[in-house]
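Commentary on secondary and tertiary structure
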Amino acid sequence: MIAYNFMLIILYKMEIISIIIFIEGNINFKNVCFSYDEKNIFNDLSFDITSGSSVAFVGESGSGKSTIVKQIIGLLKPDSGKICIGENDLSKLNLNNFYNYISYTSQESPVFDGTLRENMIFDKSIPDQKIIEVLKQVELTEFYYNLPKGLDTEVGERGIKLSGGERQRLALARVFFQKTQIVILDEATSAMDNVTEESVMKNLMSFLKNKTIITIAHRLSTIKNADKIYAFKHGKIVGEGSFKGLLEHNQYFGELWNDRMED
Ligand SMILES: Nc1ncnc2c1ncn2[C@@H]1O[C@H](COP(=O)(O)OP(=O)(O)OP(=O)(O)O)[C@@H](O)[C@H]1O
Ligand SMILES: [Mg+2]
């Protein structure tokens, strides 16, 4: 086994294969430029996210937050510059393999045609008790108790329909079963009411402790406890720091906060 691993590392270093031998959760953007056709989104964007930290991206609509996370998950490629995940150059990674290390939840939160159980985890060996515990963490206990066949109730287009906030909570329930080191949440709680969101985020963050987390949220209270916040404007980082630090010293962040308070 040791010899096999050693051989993989040699092949990897020689850039003959592009699998991930190990991955740490730090994410580094170095001088990244990106345009959608004619529309320039970033020029020379650089930042570094430390492994195991929780980071939030905030900024006005259209400032490029989702475009950045789509680059991190390999959906969009930079025009120039470099993105590294751990020691790995993202452009050289085998994405199928990479997806074992990164999870991405967007606000769309699709529900598949299938049972509640299948929508949370495919592995049939997971005990019901564990699934029910996760439903509690995402505030879906009451929803679950009202289902005619419990975990085996069909949901989705051909079954019980879920509201926007319930769909998002179901999507977050999946995160509790994933073992990925990097977790990205792009407006993943936007349809929930404040009280539900606060409780679900508290449970999720406690579960995700020591993982690298990127949260994008318009509701700034969602990201209050992030280790570091990046404020984006027109594809540029115009502020970075703690919630308190930004509120005290960054005018743009202060304006965002005041606008959102009025929502
Ligand atoms: N596929 C695309 N083709 C062309 N332009 C795009 C595409 N996707 C996004 N854009 C544009 O790129 C800019 C950045 O979009 P992005 O979705 O990254 O913003 P955002 O900060 O996530 O905004 P929001 O807070 O509304 O989600 C916007 O002006 C948007 O219109
Ligand atoms: Mg977005």
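Report follows, based on the coordinates. Bear in mind that the values here come from a model prediction, so they are computed numbers and not experimental data. (Residues numbered from 1 in each chain as written. Chains lettered and ligands numbered in written order. Predicted model: local features only at pLDDT ≥ 70, side-chain atom pairs only at ≥ 80, totals over all residues. Heavy atoms only, no water.)

Now for the packing of helix 7 (residues 164-175) against helix 8 (residues 194-207). Helix packing for two helices is described by the angle between their axes and how far apart those axes are. Running from N to C, helix 7 and helix 8 point in directions that differ by 10°, and their axes come no closer than 11 Å. As judged from the angle between their axes, helix 7 and helix 8 are roughly parallel. Between helix 7 and helix 8, the contacting residues are Arg 169, Leu 172 and Val 175 on the first element and Thr 196, Val 200, Leu 204 and Phe 207 on the second. Taken together, the residues that form the contact of helix 7 with helix 8 break down as five nonpolar, one polar and one charged. (Axes fitted to C-alpha atoms, helices over the stretch in contact; angles between N-to-C directions. Helix = DSSP H or I, 4+ residues; strand = E, 2+ residues; numbered from the N terminus. Parallel < 35°, antiparallel > 145°, perpendicular 65-115°, else oblique. Contact = heavy atoms within 4.5 Å. Nonpolar A, V, L, I, M, F, W, Y, C, P; charged D, E, K, R; others polar.)

For the rest of this paragraph, the subject is the site of ligand 1. Every residue near ligand 1 is listed here: Tyr 36, Lys 39, Ile 41, Glu 60, Ser 61, Gly 62, Ser 63, Gly 64, Lys 65, Ser 66, Thr 67 and His 218. In the model, a nitrogen atom of ligand 1 is placed 3.4 Å from a nitrogen or oxygen of the Tyr 36 side chain. Protein contact buries 62% of the 640 Å² of open area that ligand 1 shows by itself. Partitioned by chemical class, the residues of the shell around ligand 1 number two nonpolar, seven polar and three charged. (Near = heavy atom within 4 Å. Polar contact = N/O pair within 3.5 Å; in protein donor to acceptor, adjacent residues only side chain to side chain. Areas by Shrake-Rupley, 256 points an atom, 1.4 Å probe, with all protein chains shown as cover.)

One open sheet accounts for four strands, arranged 2-1-4-5; its pairing is antiparallel. The sheet terminates laterally at strand 2 (39-49) and strand 5 (88-89), the two strands that pair on one side only. Inspection of the sheet shows strand 1 (residues 27-36) paired to strand 2 by seven bridges, in the antiparallel sense. Counterpart to Phe 29 in the pairing with strand 2 is Phe 47. Where helix 2 (residues 65-72) meets the sheet, it contacts strand 1, strand 2 and strand 4 (80-85), and its direction lies at approximately 115° from that of strand 1. (Pairing = 2+ DSSP bridges.)

This next bit is on the packing of aromatic side chains. The tally for this structure, following the rule as stated, stands at twelve aromatic pairs. On the numbers, 5.4 Å between centres and 45° between planes, the contact of Tyr 144 with Tyr 145 is tilted. On the basis of relative accessible area, Tyr 144 is assigned to the buried category, the value being 14%. Residue class for Tyr 145 comes out exposed when judged on its relative accessible area of 60%. Taking the centre distance of 5.5 Å and the plane angle of 90° together, the rings of Phe 243 and Phe 253 count as edge-to-face. With Phe 243 in helix 9 (residues 243-249) and Phe 253 in helix 10 (residues 251-261), this pair connects stretches of sequence that are ten residues apart. The same class applies to Phe 243 and to Phe 253, which are both buried. (Phe/Tyr/Trp six-rings, centres within 6.5 Å; stacked < 30°, edge-to-face > 60°. Buried < 20%, exposed > 50% of the residue type's maximum accessible area, 1.4 Å probe, protein only.)

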